[in-house]
Amino acid sequence: MMVPNKCENEIIIGDLNQNTVREAFNTLMVVHDLHNHVTFPTHRSGSSLDPVVTDLPSDTIQCSSLDFVGTSDHVAVLTRISFKRLREECYTRTLWRWEKDRWVPHSTHQAKGSDQPWFGPECRAASDAKYHAWLAFKRHPTAWNRQRHREATNHMRATQGWASNQWVTDLKRKLRGGQVGSKCWWSLVKEQQGVSRGNTIPPLHRDDGTIAQSARDKANLLAKHFTDKMCVSDPKRPPPSLPNIVKEKLSFATTSEVEVKAVLSKLDVTKAVGSDNVSPHFLRQCADELARPLSTIFNHKVLESIVASRVTEHLEKHHLLCGRQFGFRPGRSAADLHLLLTSEWSAALDAGKATAVVALDIEGAFDKVWHAGLLAKLRAAGVDGPLLLLFGDYLREKNLKVVIDGQESEQHAVRSGVPQGSCLGLLLWNIYINDLLHLIPSVRDYADDLMLAQSYSPGEETDTADHMNVTLNRIVSWGSKWQVKFAPNKTQMSIISRSRTPLQLSLEGQAIRRQDEMDVLGVTYDSALTFRPHIERLAREASGKLASLRRLLDDKGLEILYKAQVRSSLEYSCLAWGGAASRHLSLLDRVQARAVRLIKDSGGRNKPKLHSLQHRRDVAGLAVMYKIQQQRIPHLQALRQPLRRAQVTTWAVTLMPAELFQCRCRTWHHQRQYVHHYGKLWNTVIAAQIDFSEMNLQQFKECVNIWLP
């Protein structure tokens, strides 16, 4: 069954008997980003055989069951589709006539939040004329007024049709022009995908039941909400006394003209101006002239990067950050953490063990960092003198305000937290959470995501539950000491096992609800580590990104969109779940096949040359194996495999240098996982006598990319 790609939306209805072709039906739904809105029985047998499948948003369609019709054994399904949007206050839009060559005239008109982007002043005038004609006909229902209303209606439809076609034509011209891949092009792409639109904030409800409609009221309401979140229960409490961890002190963060120039040249010009009202665009363009004076006076925008660099060097030099902390550290990523977790949990499954996993949710996290406690931890880590005073000034006496559609809220004082989106804020969070990781050896961390896991054999459920509950209590005690609150209702728990093993865990006296699937840092883990739910979600999201723009982009634009946005999402942490069954991974191959077909149908003369997703996973897997075996990356050494050794010394035994020992697996599932699959592929590279002893990582990747079929 093929879904056409030239229409606006797809709706498929009828007696499809999808139960008999469940796998094909599921593939159709995932690959084409469709949803079945019939969740109730439609047949006398109790089966649901009459789906309503569409790519319309779930909030615009409702399906309900009626009675049986005649002698049919199927019930009738009533489907209601709504295309109405919530209306908001009017605002003023300015239209510039850039196509004029002598001057740039402009006009202003009133617009509404529910207006389509093509709904300009001509459409508004035609709509108003039709409304006035209707009022005249309602007051005096004569034949003349009826004819005037009919003509006004036809004129309005023609005007809106013309405006819509002109808007689509202009959008296609922009998306298919010579600026494909530019910043402006990506802005248009994200706008069409719904990622960034003008005013996307709906009316907000206040605590007293009233509704904030205007932009200023919304801004004030959100500012108050954010301020209430950014506080701790006892901000004036003296922090606990901590011993100094290192003798060496970091009291100053000096820099050079060369370093300041390098930082200035990389400033993001899209960022807003700071409290000094100096544009980052100005700083970047004048980097050569400003580097010398700014290296002396430490401009505020550059100071954060320099201080963060010096503190990071100090922490890494003295090995102060825990090795189980993966967020915001050079050379580490969420993909590394996922790979380690999957390898560990899969090995436990292969050994017949289960693994209890708890994903802890920190309430507020970055917004609730206790300033006094953070300064105490900085002092213990060796940050002292003027630099420590600088951190104190950086954290205290901050204010926030919210801006919506140019309307500013009142200013509110911030009493806790670290600035999000800044390099210093991320580093300070790592320092604040670091001692918890040293306290609990079974916890791994990425930013504010904490994972506690423990493997156990059958019959050890009671001891495991007791031990993990004690550990959770120690975590809660640490939180009380440092004014960090954990949210039991948002904390996830799952058991990786092939059997249903009972295990009761609690956090702050509240039982943690067990889930069959758990989302951790963008990867969905199911209880058997099949990764089928995760792969289906990836395929559906990727299909949605393609579907939203397939009618607007040409072949070049679609290829750029697929490579940069779609394929990258299909490959996020792929080494962790790449050992899934081939029937699950084939869903992703179908998404790529669909993308290739769309690119070719959009005017491409030749079929785009894309490596298979498995090929790209193999290149990435061998590159990580190179980092483990050759570069000896410390945080990945848990995956390091021993070299193969001959059992007996004989001339008949020949061993290749760097060949890895392959241990046996009990299950096919574990044999497909990273260590075993890429250990075997690594030995194949060794057997091919590829000399990579003098290669760096990039050269090795280029070599295996050519060598792999």
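Given the structure is predicted, the values throughout are model-derived calculations rather than measurements.

**Student:** Could you give an account of the overall build of the protein, naming the residues involved and the relevant values?
**Tutor:** If you tally the helices and strands in the protein, you get 22 helices and 21 strands. When the 709 residues of the protein are sorted by exposure, 44% land in the buried category. Pairs at least 24 residues apart make up 66% of the contacts formed inside the protein by residues separated by at least 6 positions. Summing over all exposed atoms, the protein offers an accessible surface of approximately 38,600 Å²; the carbon and sulfur share of this is 52%.

**Student:** Can you explain the nonpolar core? Please cite residues and give values.
**Tutor:** Phe391 and Tyr674 are the most contacted members of the largest nonpolar core, which totals 141 residues. Per-element tally for this core: the top contributor is helix H13 (residues 423-439), with 9 residues. Counting residues in hydrophobic clusters, the runner-up holds 8 residues, among them Ala219, Ala223, Leu400 and Val414.

**Student:** How would you summarise the side chain of Asn430 if you had to cite specific residues and measurements?
**Tutor:** Counting through the fold element by element, Asn430 comes out in helix H13. Residues contacting Asn430, with those up to four places away along its chain left out, are Leu321, Gln325, Gly327, Phe328 and Arg329.

**Student:** Go over the pattern of salt bridges, please, and point to the residues and values.
**Tutor:** Scanning the model with the defined rule gives 17 salt bridges in all. We note a salt bridge from Arg237 to Asp234, for which the minimum N-O separation is 3.8 Å. Of the residues examined, Arg237 reaches a relative accessible area of 28% and is grouped as partly exposed. Between Arg532 and Glu536 there is a salt bridge, and its shortest N-O distance comes to 2.9 Å. One end of the pair is Arg532 and the other is Glu536, both in helix H15 (residues 532-547) and 4 residues apart, which spans about a single turn. Note on Arg532: relative accessible area 28%, which makes it partly exposed.

**Student:** So what's going on with the environment of Trp118? Residues and values would help.
**Tutor:** Mapped onto the secondary structure, Trp118 falls in the loop between strand S7 (106-112) and helix H2 (121-139). In this structure, the C-alpha to C-alpha distance between Trp118 and Trp162, residues 44 residues apart in sequence, is 9.5 Å. Aside from chain neighbours lying at most four places away, what touches Trp118 is Cys123, Gln160, Ala163, Ser164 and Trp167.

**Student:** Tell me about the pairing of strand S4 (residues 61-68), and name the residues and values.
**Tutor:** Relative to strand S5 (residues 75-81), S4 is paired through 6 bridges, and the arrangement is antiparallel. Considered in S5, the bridge of Gln62 is made with Arg80. Between the end of S4 and the start of S5, which pair antiparallel, lie 6 residues, with Gly70 showing a positive phi angle near 60°.

**Student:** Got a sec to walk through the sheet that holds strand S15 (residues 443-446)? Specific residues and values, please.
**Tutor:** By way of backbone hydrogen bonds, the strands of a sheet pair with one another, either parallel or antiparallel. The 4 strands are arranged S15-S16-S10-S17 in an open sheet whose pairing can be described as antiparallel. Every interior strand has two partners, whereas the edge strands, S15 and strand S17 (492-496), have only one. Between one strand axis and the next, the sheet turns by 20° as a mean value, whatever way the strands run. Relative to S17, strand S10 (residues 354-361) runs antiparallel, the two sharing 5 bridges. Note that in S17 the partner of Val357 across the bridge is Ser494. Sheet strands in contact with helix H10 (residues 334-350) are S10, S15, strand S16 (449-456) and S17, and its direction is about 150° off that of S15. Contacting S10, S15 and S16, helix H14 (residues 461-481) crosses the sheet at an angle of about 155° to S16.

**Student:** Now, about the pairing of strand S20 (residues 517-520): what can you tell me, with residues and values included?
**Tutor:** Side-chain alternation along S20 places Met518 and Val520 on a buried face and Glu517 and Asp519 on a face that remains uncovered. In this structure, S20 lies alongside strand S21 (residues 523-526), joined through 4 bridges in antiparallel fashion. Bridge pairing in S21 links Asp519 to Thr524.

**Student:** Any chance you could break down a nonpolar patch on the surface for me, citing the residues and the numbers?
**Tutor:** Together, Ile11, Ile13 and Ile81 make up a nonpolar patch on the protein surface, roughly 270 Å² of accessible area in all. As for its placement among the helices and strands, Ile11 is situated in strand S1 (residues 11-13).

**Student:** Please set out the environment of Thr169 residue by residue, giving values where relevant.
**Tutor:** Relative to the helices and strands, Thr169 resides in helix H3 (residues 143-175). For the pair formed by Thr169 and Leu552, sequence separation is 383 residues and the distance between their alpha carbons is 8.9 Å.

**Student:** Any details on the packing of aromatic side chains? Residues and values, ideally.
**Tutor:** When we look at a pair of aromatic rings, we describe it by the centre distance and by the angle of the planes. Within this structure, the stated rule accounts for 14 aromatic pairs. Each ring, one from Phe328 and one from Tyr446, has its centre 6.0 Å from the other, and the planes form 45°; the classification is tilted. A residue pair is termed long-range when its members are at least 10 positions apart, and Phe328 in the loop between helix H9 (300-317) and H10 and Tyr446 in strand S15 qualify at 118 residues. Here the aromatic residues Tyr626, Trp682, Phe692 and Phe700 are joined through ring pairs into a cluster of three or more. Just above the ring of Trp370 sits the side chain of Arg237; from NZ or CZ to the centre is 5.4 Å.

**Student:** How would you sum up the sheet that holds strand S2 (residues 35-36)? Please name residues and give values.
**Tutor:** Ordered by their spatial adjacency, 3 strands build an open sheet running S1-S3-S2, and the pairing between neighbours is antiparallel. Both edges of this open sheet fall to S1 and S2, since each of them pairs with a single strand only. Of the strand pairs in this sheet, S2 and strand S3 (residues 52-54) are connected by 2 bridges, and their pairing is antiparallel. By the bridge assignment, His35 is partnered in S3 with Thr54.

**Student:** Residue-level account of the packing of helix H16 (residues 555-570) against helix H18 (residues 582-601), with values.
**Tutor:** Two numbers describe how H16 lies on H18: the axes approach to 9 Å, and their chain directions differ by 170°. Here H18 runs roughly antiparallel to H16, going by the angle between their axes. Relative to H18, the crossing made by H16 is right-handed. Mapping the contact onto sequence places Asp555, Leu558, Glu559, Tyr562, Arg567 and Leu570 in H16 and Leu588, Val591, Gln592, Ala595, Leu598 and Ile599 in H18. A class-by-class count of the residues in the contact of H16 with H18 yields 8 nonpolar, 1 polar and 3 charged.

**Student:** If you had to explain the confidence of the model for the protein to someone new, which residues and values would you point to?
**Tutor:** Low-pLDDT portions of the prediction should not be read for the details of their coordinates. Overall, the predicted model of the protein reaches an average pLDDT of 84, with 88% of residues at or above 70. A low-confidence stretch, residues 1-5 (pLDDT under 50), is modelled with 14 contacts involving residues beyond four sequence positions or located in other chains. Scored below 50 in pLDDT, residues 98-102 makes 2 contacts in the model with residues more than four places away or belonging to other chains.

**Student:** Requested: an account of the environment of Val619, with residues and values cited.
**Tutor:** By the secondary structure assignment, Val619 is in helix H19 (residues 613-629). Under the relative-accessibility criterion, Val619 is labelled buried at 9%. Once the C-alpha coordinates of Val619 and Lys701 are considered, the two residues, 82 residues apart in sequence, prove to be 6.4 Å apart. Excluding residues that lie within four positions of it along the chain, Val619 makes contacts with Lys701, Val704, Asn705 and Leu708.

**Student:** I'd like a rundown of the packing of helix H4 (residues 183-192) against H16, residues and numbers included.
**Tutor:** Axis separation between H4 and H16 bottoms out at 12 Å; the angle between their running directions is 80°. Our classification of the angle between H4 and H16 gives roughly perpendicular. Contact with H4, carried on its side by Trp185, Trp186 and Val189, involves Gly557, Ile560, Leu561, Ala564 and Gln565 of H16 and no other residues of that element.

Thresholds applied
Residues numbered from 1 in each chain as written. Predicted model: local features only at pLDDT ≥ 70, side-chain atom pairs only at ≥ 80, totals over all residues. Heavy atoms only, no water. Helix = DSSP H or I, 4+ residues; strand = E, 2+ residues; numbered from the N terminus. Buried < 20%, exposed > 50% of the residue type's maximum accessible area, 1.4 Å probe, protein only. Contact = heavy atoms within 4.5 Å. Areas by Shrake-Rupley, 256 points an atom, 1.4 Å probe, with all protein chains shown as cover. Core = buried A, V, L, I, M, F, W, Y, C linked by side-chain atoms within 4.5 Å. Salt bridge = Lys/Arg side-chain N within 4 Å of Asp/Glu carboxyl O. Pairing = 2+ DSSP bridges. Axes fitted to C-alpha atoms, helices over the stretch in contact; angles between N-to-C directions. Patch = residues over 30% accessible without salt bridge, like charges linked within 9 Å, V, L, I, M, F, W, Y side chains within 5 Å. Phe/Tyr/Trp six-rings, centres within 6.5 Å; stacked < 30°, edge-to-face > 60°. Lys NZ or Arg CZ within 6 Å of the ring centre and 35° of its normal. Parallel < 35°, antiparallel > 145°, perpendicular 65-115°, else oblique. Left-handed = near helix turned anticlockwise from the far one by under 90°. Nonpolar A, V, L, I, M, F, W, Y, C, P; charged D, E, K, R; others polar. pLDDT = per-residue confidence, 0-100.

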